[in-house]
Amino acid sequence: MIINPIIRKISILSLLLPLATGIFLMGSWAQAETPSPASKNEESVNLTADRMLHLVEKNLVKAEGHVVVTYGARTIKADEIIVNTETGKGQAKGNVIMTAEQGTEFQAEKAQFNIKGEKGRLFKVAGKLGDLYHITGEEITKLSENHYTAKDATLTTCTGEIPDWQIDVAEA
């Protein structure tokens, strides 16, 4: 089913509600702001884009152009996003911006995420984790709520153009 490109804002709650148990973004997570009627543990997932395509047989939703996915206090913006409605796995490409509560915000070229598992990977990334940590890296992976790996990455709490200190790692 191709959705008319004139329609810029479409709620795809009915397409993604089965996935609505979490979404990957770096940082900590708040409780659901507004529980959906189906369950108190599920949040509505909303997707807006210039163009959307729902491939029912493949369980895929493809969105292009000014794509914004919101889920509670979390947001993913990108030029293109593809999400598997059955597994929760997705990929965002081009000008990726991921935000969450407590000041967490990352910019990346590409991101892989799992809405169900709150896991994922960012590529060529820069941003901040909460209000304290500034991070850059070629690849940052979230394995669980408080467990991350990083490749060719830096970490600092300094806010200046040239930090007073920073930790540089090839892999951690």
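Coordinates for the structure precede this section.
The model shown is predicted, which means the values in this text are computed figures rather than measured ones. (Residues numbered from 1 in each chain as written. Predicted model: local features only at pLDDT ≥ 70, side-chain atom pairs only at ≥ 80, totals over all residues. Heavy atoms only, no water.)

### Here's the deal with unusual backbone geometry
- Positive phi is not limited to glycine here, since His66 has a value of about 50°.
- Backbone geometry at Asn95 places phi at a positive 50°, although glycine is not the residue there.
- Summarising the element assignment, Asn95 is placed in strand S7 (residues 89–99). (Helix = DSSP H or I, 4+ residues; strand = E, 2+ residues; numbered from the N terminus.)

### Thoughts on the layout of surface pockets
- Its boundaries defined by the atoms lining it, the largest pocket holds a volume of some 320 Å³.
- Leu129, Ile135, Tyr148, Ala150 and Leu155 are the residues nearest the centre of the largest pocket, which is lined by 15 residues in total.
- Taken together, the elements giving at least two residues each to the lining of the largest pocket come down to strand S10 (133–144), strand S11 (147–156) and strand S12 (167–171).
- Ranked by the residues each element gives to the lining of the largest pocket, the list is headed by S11, at six residues.
- Residue classes in the lining of the largest pocket are distributed as 13 nonpolar, two polar and no charged. (1 Å grid on protein atoms, 1.4 Å probe; cavity = no way out; pocket = protein on both sides within 12 Å on 5 of 7 lines; lining within 4 Å. Points joined across faces, edges and corners; volume = space filled by probe spheres on them. Nonpolar A, V, L, I, M, F, W, Y, C, P; charged D, E, K, R; others polar.)

### Examining the pattern of salt bridges
- Going through the model one piece at a time under the given rule, you end up with three salt bridges.
- Across the salt bridge formed by Arg51 and Glu64, the nearest N and O atoms sit 3.6 Å from each other. Residue Arg51 is found in strand S4 (residues 51–55), and its partner Glu64 is found in strand S5 (residues 60–71); the two are separated by 13 residues along the sequence.
- We classify Arg51 as partly exposed; its relative accessible area is 41%.
- We note a salt bridge from Glu139 to Arg121, for which the minimum N-O separation is 3.2 Å. Of this pair, Glu139 sits in strand S10 while Arg121 sits in strand S9 (residues 119–129), placing them 18 residues apart in sequence. (Salt bridge = Lys/Arg side-chain N within 4 Å of Asp/Glu carboxyl O. Buried < 20%, exposed > 50% of the residue type's maximum accessible area, 1.4 Å probe, protein only.)

### What to know about the environment of Lys142
- Relative to the helices and strands, Lys142 resides in strand S10.
- By relative accessible area, which is 1% here, Lys142 ends up buried.

### A short note on the pairing of S9
- Pairing geometry for strand S8 (residues 105–114) and S9, over nine bridges, is antiparallel. By the bridge assignment, Phe113 is partnered in S9 with Gly120.
- In this structure, the hairpin formed by S8 and S9 is closed by a connection of four residues, where Glu118 is found at a positive phi of approximately 50°.
- Here S9 pairs with S10 via nine bridges, running antiparallel. Each residue of the ladder has a partner; that of Gly127, found in S10, is Ile135.
- What sits between the antiparallel neighbours S9 and S10 is a turn of three residues, in which Gly130 has the positive phi angle 65°. (Pairing = 2+ DSSP bridges.)

### Thoughts on the pairing of strand S6 (residues 74–84)
- Where S5 lies against S6, ten bridges are found, and the strand directions are antiparallel. Each residue of the ladder has a partner; that of Lys62, found in S6, is Ile82.
- In this structure, the hairpin formed by S5 and S6 is closed by a connection of two residues, where Gly72 is found at a positive phi of approximately 60°.
- Two strands pair when backbone bridges link them, and S6 and S7 are joined in this way by seven bridges, in the antiparallel orientation. Looking at S7, one finds that Ile76 is bridged to Met98.
- Where S6 folds back on S7, the antiparallel hairpin that results is connected by four residues, among which Gly88 adopts a positive phi of roughly 90°.

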